[in-house]
Amino acid sequence: MSQGDAIYPEGLRYTKEHEWLSTKGAVATVGITHYAQAELGDIVYVELPQVGAAVVAGEPFGTVESVKAVSELFAPASGVVDEVNAALQASPEQVNKDPYGDGWMIRIKVADQEEEPPGLMTAGQYRKYVEDEAN
Amino acid sequence: MAAHRYLPLSDAEREDMLRAIGLASAGDLFASIPERLRLRGALDVPGPLAEMDLVAEMAARAGENLLPDPRAQFLGAGAYRHFAPSVVDHLISRTEFYSSYTPYQPEISQGTLQAVFEYQTLICQLTGLDLSNASMYEGASTLAEGILMAERASPSGRVVLSDRLHPEYVQVVRTHLANMGIAIESFGHGKDGAADSAAARQALERKASSLVVQHPNFFGCLEEIEALAAVARQAGTTLIVVMTEPLALGLLKPPGEQGADIVLGEGQGFGVPLSYGGPYLGFLAARQSFLRQMPGRIVGEARDVDGRRGYVLTLSTREQHIRREKATSNICTNEGLCALTAAIFMAALGKSGIMELARHNRAKAAYARQRLAEARGCSIPYAAPFFNEFVVRLPVPAETAVQRLAERGLACGVPLSRYLPDPAQQRDLLVCVTEVNPRGEIDRLADELGRLA
Amino acid sequence: MDARSLRAPESLLFEVSRRGRRGFDVPPLDVPQESGQALDARYTRQDIDGFPELSEVDVVRHYTRLSRLNYAIDLGLYPLGSCTMKYNPKVNERVARLPGFADAHPQLAESMVQGCLRLMHSLERALCAICGMDRFTLQPAAGAQGEQTGILMVRAYHQERGDARRVVLIPDSAHGTNPASAHLAGYRVEQVASNERGCVDLGALRRRVGPDVAVLMLTNPNTLGVFEGEIEEVARALHDKGALLYMDGANLNAFVGQARPGDMGVDVHHLNLHKTFSTPHGGGGPGSGPVGVKRSLEPFLPVPTVEREGERLRFQHDRPKSVGKIRSFHGNFGMFVRAYAFILAHGPEGLKRMSETAVLNANYLRKRLEGTYHLPYDSPSLHEVVFSDKNLEETGVRTLDVAKRLMDYGFHPPTIYFPLIVRGALMIEPTETESRQELDAFVEAMLAIDAEARRDPELVQKAPHTTPIRRLDETAAARTPVLRWRGDAAGS
């Protein structure tokens, strides 16, 4: 598990639904984790909201599909969609190849910068959560 | 108990297998069914019949039908009598096609998958659109599916239908949409029998997810697709064109090229037996933008590990077995063999055959319409252009005419009063003429209708 | 096996097409060519771009060669759980093609088609007798449409009582069409858990059933092939709270002649003529999904129904409480002919023998495979049995690989990855029309694959090796969908 740190990068926050959140000032970038993309298999399509759409923490904001499965994407924080990764339309495989980098999905202008949304885990907490779930 | 011809186990094998399982008797196989629920007596069903007797029994039942000579039938209204080349039934009777399963395992189903890919292409070519699915049940429920598809793509809670759709299709749409929170409204037609695009424009002043017209419509009249498409586009609404007679596409401009966004309907006219109403074939074609909303199965091209081109059911995440209650439809088993029937019919006729047959139908219908217009007491109420169906107004109620002419061995048409309660339509008869109706029968029809007054 | 026709990739119709070829001669027109009233050019097309031009021989060769790329029930076993892939009797094809049936136009006056109406009436009565129900509608075109029709009738029933319930309960083991159909009838779907036997958890159900529950959709036997032994208690729990019991009858083959849904407290259920009643699968249909109801739901049946009036049969359209019409005309009549012929061929004793043999065959397979493949649920199987790939875990070979390798042995795989409550499910249903030899050959193949998985897993993971085409890249197909031929377009 030498890739251990690459699978659970520090500095990000994680949800029970296997999304990650990276906050810089007012803007939070969201994607799915390494574990999530591995579980889904080859991703063929990502359905994302429009720029300007409102998202609510804990509510679905889109879907991600593999050949045989479809999963909802849950917003880790509330706010308004500021940017959408349009490259995923043509290249959904980016989510598999680089889930924390080029596989980012949306950027949210967070509603409340001060208050961290409930239910978020640190890298260590999320790693433990995943390992527990696997057993 | 005598062995049955479809059951390959002999009594000895049966005993042997029971022993291998560790059961004393066949009855023990059902030990998991509560005693209280076990049937004591025999089912109240007829049989058994040896094959010879079975054929005789079924032939006797078929013989109870008193069918007029097909050449003397002028019936359309949703199902169309065309001559299917012999190769069609021959090929769909190949067991590899009709007794095979849904092609979920593509490695041993390339015959079906490629045939469906070809069918999808043929439908796109005829309709002038980008996408087709692998088939749906029949025209009416396919219209319901198309309307729901347009609503999913652009939710509005409202759909506007031409009042000249086949009334049975409207009834089916109402049944399917009953609990979906979608208001169904209609817009009217002009005196010439075609839909009124000004009325459509007015109906679209409030947002609707689709505008639906039938082409040719229930009166047999051709619609002005380009004008209606302009109205729909202006209003930001999807134009759905429904067709009950696919052969019309051999003559008419493809609605997809005239601005229709979705073209769907009944494919029975392409070689699928009349078979008293089913099994039939729903076809559904749409613009590329509807891809993710498309209901039903879709076949796509793929490469195998050796680089060979093959075909596979794809985009399955739209469907019920994956998305369950969020699926684009609940459809599972569709009309695969009927789609194959239609594809073989289209291939056998080919470009020249389809276009010539369509022109041939039109010429026959034009001749009939002319002769009926001249028949005593008869008139043609709708001036709009037609394909192979039209309405003739009789001097007596159309139902009466149907009964009287039935005694003369003629099924002269479908009375509009069967579907429309308007007393103004009591004397209207919907007449369909195809290549199977010889001139002599058309002349006889005209003579007999002329005698009604 | 002819290498040329089975191995060579088959060109598409459009690639075989050559300009100017004709496959069909329209007869000479016996009426005048159109005069001045000809259809205006602005309505007509001049061409059909890309449409094939083929000779009759081209068409026959093309489709004959395509057909040989398919497996079919006449070639061997399809052990597909919940599909009931049984033999399609050839006499059924013969009688369905009787001109009196095949050529009957659905718009003909009732007086002319008494034979068709009587066939429908007879089939309805036979299905009522087999299922213990009061009426059947033959209108739905397939099982899913039958489910939708049944749930619409449930809704109408509650609406008539001024009691708009919102929820449909569905077990977590159910087929996807169940929740999809419930959703289309305007209901919210909630799952009910299964117990350790794989059956509906009666306690959980009792706790959940309330005045907001319209109906429970139950498959019996369930998708594990296990009879829902507490079905009468389930029915009572529902009825006590004013809810109804819908049965998904896809698995009826398990107990025809042994028990009847109508006696179990079922209010409404569909069945599949293309499963239990042998009508052919057609590579994806047509099917037929008749729906049986108890008297309480009779007013809501789709229109028209077939009624007897003395010696004559007629359609009854005037049914004010009907849910309406679910499809045009009267149903997949061609399948009614086949199904009725099937019933006549068997008679009451034959139908009993049929389910008995179906269950015997399934249990035989279970016995022979359970030492090798993992059996997730110990409950008695009726007509189908579910295994999983758990015993193969350390080899890296999964259910999908086993399925693909089976094709090299000349078998269609079982249903895989369903029901969802079993990870790596392998659902096996042989049906009654399989011989001992075929069953034994299937067992030998399954055992051989298990051995291969342990000895040489890659052989199994890269299977199939001998089919006309090998594993396809379904990911690429879904990422960049090519859903039609486009001729000279790049990449086609």
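Residues numbered from 1 in each chain as written. Chains lettered and ligands numbered in written order. Predicted model: local features only at pLDDT ≥ 70, side-chain atom pairs only at ≥ 80, totals over all residues. Heavy atoms only, no water.

### Re the nonpolar core
The nonpolar side chains of a soluble globular protein tend to be buried, and buried together. Put simply, the rule is: Here the nonpolar core consists of buried residues drawn from Ala, Val, Leu, Ile, Met, Phe, Trp, Tyr and Cys, with membership extended through side-chain atoms lying within 4.5 Å. Partly exposed describes any residue whose relative accessible area lies between the buried limit of under 20% and the exposed limit of over 50%, with all areas from a 1.4 Å probe on protein chains only and scaled to the type maximum. Helix and strand assignments follow DSSP, with helices taken as H or I runs no shorter than four residues and strands as E runs no shorter than two, numbered in order from the N terminus. Contacts are assigned to residue pairs with any non-hydrogen atoms lying within 4.5 Å of each other.
Judged by nonpolar contacts, the single largest core of 137 residues is most densely connected at Met 58 of chain B together with Phe 277 of chain C. Per-element accounting of this core gives the leading share, 18 residues, to helix α11 (residues 333-369) of chain C. Non-local contacts of Phe 277 of chain C, meaning those with residues more than four positions away in its chain, are made with Leu 127, Ile 130, Leu 252, Leu 271, Asn 272, Ala 339, Phe 342 and Ile 343 of chain C.

### Structural notes on the pairing of strand β5 (residues 238-243) of chain B
All names here are of chain B. Formally: Note: two strands are recorded as paired if DSSP finds a minimum of 2 bridges between them. Throughout, right-handed denotes a crossover for which the path from the first strand over the helix to the second runs clockwise when the strands point away from the viewer.
Extensive coverage of β5 is indicated by the burial of 6 of its 6 residues. Burial along β5 is two-sided: Thr 238, Ile 240 and Val 242 and Leu 239, Val 241 and Met 243, pointing in opposite directions, are all buried. With 5 bridges connecting them, strand β4 (residues 210-214) and β5 associate as parallel partners. Residue Gln 214 lies in a different strand from β5, and its bridge partner there is Val 242. For the crossover from β4 across helix α9 (residues 225-234) to β5, the handedness is right-handed. Pairing geometry for β5 and strand β6 (residues 262-266), over 4 bridges, is parallel. Bridging from a neighbouring strand, Met 243 pairs with Gly 265 of β6.

### Observations concerning empty space enclosed by the protein
Applied cut-off: Two kinds of site are reported from a 1 Å grid over the protein atoms alone, namely cavities, where a 1.4 Å probe fits but cannot get out, and pockets, open sets with protein on both sides within 12 Å along at least five of seven lines, and residues are called lining when an atom falls within 4 Å of a point. Grid points are joined across faces, edges and corners, and a volume is the space filled by probe spheres set on the points. Basically, the charged four are Asp, Glu, Lys and Arg, the nonpolar ten are Ala, Val, Leu, Ile, Met, Phe, Trp, Tyr, Cys and Pro, and anything else, Gly included, counts as polar.
Inspection of every chain in the model, using the stated rule, returns 14 cavities of 30 Å³ or more. Looking at the largest cavity, it is lined by 20 residues, and the ones nearest its centre are Thr 112, Val 116 and Gly 336 of chain B together with Gly 282 and Gly 283 of chain C. Every element with two or more residues in the lining of the largest cavity is listed here: α5 (110-127) and α11 (336-374) of chain B. Of all the elements, α5 of chain B adds the most residues to the lining of the largest cavity, at 5 residues. Of the residues contributing to the lining of the largest cavity, the split by class is 11 nonpolar, 8 polar and 1 charged.

### What about the domain arrangement of chain C?
All names here are of chain C. Defined as follows: An automatic or database domain assignment supplies the residue ranges for each domain. Note: buried area is the sum, over both parts, of the accessible area (probe 1.4 Å) each one loses when the two are combined. Salt bridge, as used here, is a side-chain nitrogen of Lys or Arg placed within 4 Å of a carboxyl oxygen of Asp or Glu. Pairs of N or O atoms are called polar contacts if they sit within 3.5 Å, as long as, within protein, a hydrogen donor faces a hydrogen acceptor (for residues adjacent in sequence, only side-chain-to-side-chain pairs).
Taken domain by domain, chain C comprises domain 1 (91-344) and domain 2 (355-477). When each unit is reduced to the centre of its C-alpha atoms, the spacing between domain 1 and domain 2 is 31 Å. Interface area, domain 1 with domain 2, both sides summed: about 1500 Å², of which 59% is carbon and sulfur. One can count 0 salt bridges joining domain 1 with domain 2. Between the two partners, domain 1 and domain 2, sit 7 residue pairs in polar contact (both at pLDDT 80 or more). Taken together, the residues of the side of domain 1 that touches domain 2 break down into 9 nonpolar, 11 polar and 3 charged.

### Comments concerning the interface of chain C and chain A
Counting residues at the interface gives 4 residues for chain C, matched by 8 residues for chain A. Summed over both sides, the interface of chain C with chain A buries roughly 510 Å², with 49% coming from carbon and sulfur. For chain C, the biggest contributors to the area lost against chain A are Glu 474, Thr 475 and Arg 479 of chain C; these three give 83% of the whole. Scanning the region where chain C abuts chain A turns up 1 salt bridge. Between Arg 479 of chain C and Glu 93 of chain A there is a salt bridge, and its shortest N-O distance comes to 3.7 Å. Our count for the contact surface shared by chain C and chain A stands at 3 residue pairs in polar contact (both at pLDDT 80 or more). In terms of residue class, the side of chain C that touches chain A is built from 1 nonpolar, 1 polar and 2 charged.

### What about helix α13 (residues 436-455) of chain C?
Heads up, the condition is: Multiplying 1.5 Å by the helix residue count minus one yields the expected span of that helix.
When the terminal C-alpha atoms of α13 of chain C are compared, their 28 Å separation across 20 residues agrees well with the 28 Å that a helix rising 1.5 Å per residue should span. Those residues of α13 of chain C that sit buried are Arg 436, Leu 439, Asp 440, Phe 442, Val 443, Ala 445, Met 446, Ile 449, Asp 450, Glu 452 and Ala 453 of chain C. Against the buried residues of α13 of chain C lie α1 (11-21) of chain B together with α11, α12 (399-408), β12 (426-428) and α14 (457-461) of chain C.

### Points about the side chain of Thr 121 of chain B
Assignment of secondary structure puts Thr 121 of chain B in helix α5. Only 2.9 Å separates the side chain of Thr 121 of chain B from the backbone oxygen of Phe 117 of chain B, close enough to count as a polar contact.

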